[in-house]
Amino acid sequence: MSLSGEMIAFILLSLVAIIGGILLINLTRVVHMVIALVFTFISVAGLYVLLSAEFLAAVQILIYSGAITIIMLFGIMLTRHNDTSEKTAGVWRKLLLIAGIAGFGLASYAGIYNLDIPVQETKLHEDNTRQIGMALYSDHMIPFELTSVLLLAALIGAIILAKKDDEKKEGEES
Amino acid sequence: MNLDTLLSYEWGHMAPEFIILAVAALLSLLDLFLPKSYNRRSLAWIALVGILVAVVSLIGLLDSKSVSILHDTFRLDSFGKAFKLILLIGAACVILLAESYEPKEGLKEYRGEFYYLFLTGLLGAMVMTSSGDLITLFVGLELLSISSYILAGMRKKNPGSNEAAMKYVINGGISTAITLFGMSYLYGLSGTTNLKEMSGAMSAQAANGQFLYLYGLAFFMVLIGLSFKLASAPFHMWAPDVYQGSPTPVTAFLSVVSKTAGFVILLRIILTLFLTMPGDDTQKLSFLETHSIYISCLAGISIIAGNVIALRQRNIKRMFAYSSIAHAGYILVAISALGYFTFDAVWFYLLAYLLMNLGAFAVIQLITDSSHSEDIADFAGLYRRSPLLAAGFAVFILSLAGIPGTAGFIGKLNIFMNALMTDPGHFVLASIMIAGTVISYFYYFGIMTQMFFRPAASTEKIKVPAGIGAVVVLALAGTILFGVAPNTALDFLHNNFGSFNDFLK
Amino acid sequence: MNSVPLSAYLVLALILFCIGLYGALTKRNAVIVLISIELMLNAVNINLVAFSKLGPAPSISGQIFSLFTITVAAAEAAVGLAILMSLYNRRKTVNVDEMDQLKH
């Protein structure tokens, strides 16, 4: 198998993605973990470009490496910003979890590692954004409108939950 | 697609959803613009009227043929109508409970949000009942979940409520991700998000062993993800904490509306996709028949774990959380013993469960609010303090325990008969069900002893607010009516929905 | 013409999903748990987009599905964080293990 440019790009991007994930697990400072995951998010956007989903790549960068990372950083800063995530979870519990997840991973791997499907010519890369727009506003209009309700509910909920009640200094309850 | 095609769809069949959406929007605007001093409690009555109008419009649609809008992203078939009816009735009762809800520290300015977030959650659940498209089902599920997360954390001054909401978000998020991972395989291998086309593609591809294996994996991921939402063991660990910490009307909402919606989406996905797909290379049995043993395991574990752990609970809401886990197990028995009467059994049980559980939660809300604690001992001497309330609560408990003459008994009997009648009969499950029911007598009757034979801590009479009184009376009437004459409900089901034969069409 | 096979993308998604699941179940800081869940959802998106181009029946629906997933994930993260803030205001902790008030 000769290495094509696409293959090289894929290997690099997926290495960055996986390293970001592993750093998330292994770093100790909370802020560093979030930064590590930004690399994963960006390289996933790169993978979307390889898969001719340019619009999604832009969305991925805007929303994941932009919005979500920023609010997570805000969350860390507003709470205990130099927290280190100490690990004291029981060894047995951890081993059990690793075994369970590894079992799940292997079971899935057995199903997909040689999933060879003849590649078909697609037109996804031609006017990608236009195609998405057409599909979104025709076939998928109901879920699209429903998403607006969902975002509204989330917006209202986030405001009322995160707002500090300033009237009267919080009387502690039992 | 142009405007004409868009307008040619029969949008009138979405009337119940539109009404709920409009009322939720109206309430949010009213809540925003009404003066601060205005008592938001009256908004609950607007919400209630909205739900009742939606019920009326749904009844108006009962005898219409099944309708599909935009490639099944919305489809109103008899399955959708039947379960939407349950959801609407449940939500109406929950709104009544929420109207009279008065926590110790007060809801303050958040009362308005409290009401319309129930409506957005209800909207999500309703969309889940009538959609044949994976994307729409997912968005509906998330609309319900996100509204519930917020509702659970609504008592901001109460550490228990905050904690419950946090645990709910984390567990809900993980289960969503697992469900979605399964769904991504379902979409990927079949190449469509439409359940009907997907089912066709799956049957065609099942001859290929690798595809079959992957569909099996997807089945497990979706099943595990959704059983988090149903709170069936062994994925139930969030339920007791969340039920205990949430405001009581929200607990009622989670245990009735949310659970019903969970069963609906489970039935939709699993039955549409896996009932017709061959289960192995020999193509004799369907996938669901060869794999129903896993659903049976979930059911058995739920019944045993729920009932046994409920025995040692002292907190009434926590006890009801475990009891609701056990009830989810009973309904799973009906699903795993798939037969001709499964839909009837599940529908009837959910209806009975709605009535008895909401009635019980109405009384629980009243008692826990007045005594500011949730210990079972608060029910001591309820009979002296308010004989009528005690009698009502006793009926609900008897129904939950499954004593003849109540709706709960008929529901259990239906499921039991269904489990025995299928071929081969599910004898093990049926006996687990009986054992579970017997265990449940201990804790249910523990509450009864408290109410009738223990001296009361205070002799103060209990004032019953209108909303709670209405729910108790309604639930009591339903529980007894469907217990004594179950045919009223079953005939209604058969006359209006037939045998759900447009489900897969 | 297309040198990267479908299975490579699927395996990558599976690895990220498992890392996310492990993080969500073992990490004790609630922010990190939330962001691990985002990683799991990202893995789902890779699956969807890969299938939408290289699957047995390529279609745009996969990209649409992942758009919805991204939107919902963002909403979920916002709500999760808001709940975390309100919890922190009350309890001064973001540690999942210290959330043990609701026990018997």
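Parameters and conventions
Residues numbered from 1 in each chain as written. Chains lettered and ligands numbered in written order. Predicted model: local features only at pLDDT ≥ 70, side-chain atom pairs only at ≥ 80, totals over all residues. Helix = DSSP H or I, 4+ residues; strand = E, 2+ residues; numbered from the N terminus. Contact = placed C-beta atoms within 7 Å. Rg over C-alpha atoms; globule rule 2.2 N^0.38 Å. Buried ≥ 20, exposed ≤ 12 C-beta atoms within 10 Å, placed from the backbone. UniProt positions renumbered as here; feature names shortened; annotations may be inferred. Nonpolar A, V, L, I, M, F, W, Y, C, P; charged D, E, K, R; others polar. Core = buried A, V, L, I, M, F, W, Y, C linked by C-beta atoms within 7 Å. Domains from an automatic or database assignment. Expected span 1.5 Å × (residues − 1). pLDDT = per-residue confidence, 0-100. Axes fitted to C-alpha atoms, helices over the stretch in contact; angles between N-to-C directions. Parallel < 35°, antiparallel > 145°, perpendicular 65-115°, else oblique. Left-handed = near helix turned anticlockwise from the far one by under 90°.

## Some thoughts on the overall build of chain A
And then number 1: Along chain A, the regular secondary structure elements total six helices and zero strands.
And then number 2: For chain A, restricting intrachain contacts to residue pairs at least 6 apart in sequence, the fraction spanning at least 24 positions comes to 56%.

## Concerning the overall build of chain C
And then number 1: On a plain count of helices and strands, chain C comes out with three helices and zero strands.
And then number 2: Each helix and strand of chain C, ordered N terminal to C terminal, gives the series α-α-α.
And then number 3: Relative to a compact globule of 104 residues, whose C-alpha radius of gyration would be 13 Å, chain C shows 17 Å and is clearly more extended.
And then number 4: The principal-axis extents of the C-alpha atoms in chain C amount to approximately 55 × 25 × 25 Å.
And then number 5: Per-residue burial for chain C yields a buried fraction of 73% across its 104 residues.
And then number 6: In chain C, of all internal contacts separated by at least 6 residues, the share reaching a separation of at least 24 is 51%.

## Side note on the UniProt feature "transmembrane region" (unreviewed entry) in chain A
Residues and elements named next belong to chain A.
And then number 1: According to UniProt, the "transmembrane region" (unreviewed entry) feature falls on residues 6-27, 34-51, 57-79, 91-112 and 142-162.
And then number 2: Helix makes up 95% of residues 6-27 and strand 0%, with an end-to-end C-alpha separation of 31 Å.
And then number 3: Its end C-alpha atoms 31 Å apart, residues 91-112 is made of 100% helix and 0% strand.

## As for the interface of chain B and chain C
And then number 1: Counting residues at the interface gives 36 residues for chain B, matched by 38 residues for chain C.
And then number 2: For the side of chain B that touches chain C, the elements supplying multiple residues, two or more each, are helix H6 (134-152), helix H7 (159-190) and helix H10 (238-245) of chain B.
And then number 3: Top contributing element to the side of chain B that touches chain C by residue count: H7 of chain B, with 20 residues.
And then number 4: In terms of residue class, the side of chain B that touches chain C is made up of 18 nonpolar, 12 polar and six charged.

## What about the nonpolar core?
And then number 1: If you look at the biggest cluster of nonpolar residues, it comprises 285 residues, and the most contacted ones within it are Ala47, Ile95, Leu97, Phe118 and Tyr349 of chain B together with Val79 of chain C.
And then number 2: Two domains share this core, each providing at least three of its residues, namely domain 1 (1-83) and domain 2 (127-162) of chain A.

## Examining H6 of chain B
And then number 1: The first and last C-alpha atoms of H6 of chain B sit 27 Å apart over 19 residues, in line with the 27 Å expected at 1.5 Å per residue.
And then number 2: In terms of burial, H6 of chain B is a largely internal element, 19 of the 19 residues being buried.

## With respect to the interface of chain A and chain C
And then number 1: Taken together, the 71 residues of chain A in the interface contact 63 residues of chain C.
And then number 2: Within the residue set of the side of chain A that touches chain C, elements represented by two or more residues are helix H1 (5-26), helix H2 (30-50), helix H3 (54-78), helix H4 (91-112), helix H5 (128-137) and helix H6 (141-162) of chain A.
And then number 3: Per-element accounting of the side of chain A that touches chain C gives the leading share, 11 residues, to H3 of chain A.

## Observations concerning the domain arrangement of chain A
And then number 1: Taken domain by domain, chain A comprises domain 1 (1-83) and domain 2 (127-162).
And then number 2: In this structure, domain 1 of chain A and domain 2 of chain A have C-alpha centres spaced 24 Å apart.

## Quick look at the environment of Ala125 of chain B
All names here are of chain B.
And then number 1: Within the secondary structure, Ala125 is located in helix H5 (residues 111-129).
And then number 2: Among the residues examined, Ala125 registers 31 C-beta atoms within 10 Å and is labelled buried.
And then number 3: Spatially, the C-alpha atoms of Ala125 and Glu17 are 10 Å apart, while their sequence positions differ by 108 residues.
And then number 4: Setting aside residues no more than four positions away along its own chain, Ala125 makes contact with Leu87, Leu144, Val257 and Ala261.

## Examining unusual backbone geometry
And then number 1: Here the amide bond leading from Ala233 of chain B into Pro234 of chain B is cis, since omega sits at 0°, within 30 degrees of zero.
And then number 2: The phi torsion at Asp72 of chain B lies on the positive side, around 70°, for a residue other than glycine.

## So, helix H9 (residues 209-230) of chain B
Because each turn of an α-helix spans 3.6 residues, side chains separated by three or four positions in sequence point in the same direction.
And then number 1: The end-to-end C-alpha separation of H9 of chain B is 31 Å, in line with the 32 Å expected for 22 residues at 1.5 Å each.
And then number 2: Immediately beyond the C-terminal end of H9 of chain B, within one or two residues, lies Ala231 of chain B, with a positive phi of roughly 60°.

## A few points about the UniProt feature "transmembrane region" (unreviewed entry) in chain C
And then number 1: Using the residue numbers shown here, the UniProt feature "transmembrane region" (unreviewed entry) corresponds to residues 6-25, 32-52 and 64-88 of chain C.
And then number 2: For the annotated span residues 32-52 of chain C, helix accounts for 100% and strand for 0% of the residues, and the straight-line distance between the end C-alpha atoms is 30 Å.

## Examining the confidence of the model for chain A
And then number 1: Model confidence for chain A is summarised by a mean pLDDT of 86, while 89% of its residues fall at 70 or above.
And then number 2: Of the regions scoring below 50 in pLDDT, residues 168-174 of chain A engages in four contacts with residues more than four places distant in sequence or in other chains.

## Notes on the packing of H6 of chain A against H6 of chain B
And then number 1: Here H6 of chain A crosses H6 of chain B at 15°, and the two axes come no closer than 9 Å. Judged by the inter-axis angle, H6 of chain A sits roughly parallel to H6 of chain B. As for the relative orientation of H6 of chain A and H6 of chain B, their crossing is left-handed in sense. Each of Ile142, Pro143, Leu146, Thr147, Val149, Leu150, Ala153, Ala154, Gly157 and Leu161 of chain A in H6 of chain A lies in contact with H6 of chain B, whose residues at this interface are Ile135, Thr136, Val139, Gly140, Glu142, Leu143, Ile146, Ser147 and Ile150 of chain B.
And then number 2: A breakdown of the residues in the contact of H6 of chain A with H6 of chain B according to their chemical character gives 13 nonpolar, five polar and one charged.

## Points about the environment of Val222 of chain B
And then number 1: Looking at the secondary structure, you find Val222 of chain B in helix H9.
And then number 2: C-alpha separation for the pair Val222 of chain B and Met183 of chain B, spaced 39 residues apart in sequence, amounts to 6.9 Å.

## Section: the environment of Tyr9 of chain B
Residues and elements named next belong to chain B.
And then number 1: Note that Tyr9 resides in the loop between helix H1 (3-8) and helix H2 (15-33).
And then number 2: You can call Tyr9 partly exposed: it has 14 C-beta atoms within 10 Å.
And then number 3: Between the C-alpha atom of Tyr9 and that of Val67, which follows or precedes it by 58 residues, the distance is 9.1 Å.
And then number 4: When sequence neighbours within four positions are dropped, the list of residues in contact with Tyr9 reads Ile69 and Leu70.

## Remarks on the confidence of the model for chain C
And then number 1: Residues with a pLDDT of 70 or more make up 95% of chain C, whose mean pLDDT is 89.
And then number 2: Across the interfaces of the predicted complex, the ipTM metric reaches 0.95, alongside a pTM of 0.94.

## What to know about the packing of helix H2 (residues 30-54) of chain C against helix H3 (residues 61-91) of chain C
Residue and element names in this part refer to chain C.
And then number 1: Close contact between H2 and H3 brings their axes to 9 Å; oriented N to C, the two are set at 175°. Considering their axes alone, H2 and H3 lie roughly antiparallel with respect to each other. Two secondary-structure elements touch here, H2 through Ala30, Val31, Leu34, Glu38, Leu41, Val44, Asn45, Leu48, Val49, Phe51 and Ser52 and H3 through Ser61, Gly62, Gln63, Phe65, Ser66, Thr69, Ile70, Ala73, Ala77, Gly80, Leu81 and Leu84.
And then number 2: Residues that form the contact of H2 with H3 fall into these classes: 14 nonpolar, eight polar and one charged.

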